[in-house]
Amino acid sequence: MSAALPPLSSSQEALDDAELIQLGTPDEEQCLRADAARNRARLLEAAARLVADHGAAGVTMEAVAAAAEVGKGTVFRRFGDRVGLLTALLDHSEKKFQAAFLSGPPPLGPGAPPVERLNAFGVATLRRSADDLELQLAAQGGPDRRFSPPPWRLHYGHLLMLLREAAPDADCEILAQTLMGYLDPAAIHHLTRRCGMPMDRLEAGWRDLVARLTGTSRRPDRA
């Protein structure tokens, strides 16, 4: 008769010390990850073509599925919803922008005084928005999601850090929200497309706002 199996341990330590069982070989898992990456790239390429041909309004989950010749469920599983898909389309430019203001050369990156970095951040954001404004507008979620995406929180945190250096006695949390509102794609769309304001006026207005909020007031540079 075979020996009885040892009792199962109920202690948390046993769970913590146990080595996870690997299902499948490393090569198989790497192949699956590679397939998933290729499928994601294929869907994003299809979505990018739709943006180029029809604008951001032409990007629907159904249209992307048809363009990529996959089932609609595949698109939903990969991106969750249309906002998730459009956000993924912006991912590459967002990562480049983050690298620029987190570790790039000054004045956008570290090494310049905080007011100079605030000015550079706002101008760079305005110019980036001008390049893909419709896509940024379409990628904005509703009120319950608008202020929660990681890029929004990172941008807000960056402005908050610089404001605390430039104006330590101010209510920097409120001021950072004010600056984020200036850079909101919907506001930029209204001012440039509906009101006909040139981008250089928005850039000058940003510098003037930063100067007033930080106590370094100056007349805005109008082109």
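Every value quoted in this text rests on a predicted model; they were computed, and no experiment measured them.

Trainee: Give me the lowdown on helix H12 (residues 199-213), citing residues and values where you can.
Mentor: In this model, H12 (15 residues) spans 21 Å end to end at C-alpha, consistent with the 21 Å of a helix rising 1.5 Å per residue. Positive backbone phi, at 75 degrees, marks glycine 215, one or two positions downstream of H12.

Trainee: Any details on the environment of lysine 95? Residues and values, ideally.
Mentor: Along the chain, lysine 95 turns up in helix H6 (residues 91-103). On a C-alpha basis, the gap between lysine 95 and proline 151 in space is 9.2 Å, while along the polypeptide they are 56 residues apart.

Trainee: Give a detailed account of the environment of arginine 42, specifying residues and quantitative values.
Mentor: Following the sequence through the fold, arginine 42 ends up in helix H2 (residues 26-54). For arginine 42, a relative accessible area of 37% translates into the label partly exposed. In this structure, the C-alpha to C-alpha distance between arginine 42 and alanine 67, residues 25 residues apart in sequence, is 9.6 Å. If near-sequence neighbours (up to four positions away) are discounted, arginine 42 is found in contact with Ala68, Glu69 and Val70.

Trainee: Can you lay out the pattern of salt bridges for me, pointing to particular residues and giving the numbers?
Mentor: Here the structure, examined in full by the defined rule, presents six salt bridges. Between lysine 72 and glutamate 62 there is a salt bridge whose closest N-O contact spans 3.5 Å. Residue lysine 72 is located in helix H4 (residues 72-79), and its partner glutamate 62 is located in helix H3 (residues 61-68); the two are separated by 10 residues in the primary sequence. The exposure class of lysine 72 is partly exposed, given its relative accessible area of 41%. Exposure remark for glutamate 62: the relative accessible area of 43% places this residue in the partly exposed category. Salt-bridge contacts for lysine 95 lead to aspartate 91; the nearest nitrogen and oxygen are separated by 3.1 Å. With lysine 95 and aspartate 91 both in helix H6 and four residues apart, this pair spans about one turn of that helix. Classification of lysine 95 as exposed rests on a relative accessible area of 53%.

Definitions and cut-offs
Residues numbered from 1 in each chain as written. Predicted model: local features only at pLDDT ≥ 70, side-chain atom pairs only at ≥ 80, totals over all residues. Heavy atoms only, no water. Helix = DSSP H or I, 4+ residues; strand = E, 2+ residues; numbered from the N terminus. Expected span 1.5 Å × (residues − 1). Buried < 20%, exposed > 50% of the residue type's maximum accessible area, 1.4 Å probe, protein only. Contact = heavy atoms within 4.5 Å. Salt bridge = Lys/Arg side-chain N within 4 Å of Asp/Glu carboxyl O.

Purely geometric stuff here, so don't read any function into it on its own.
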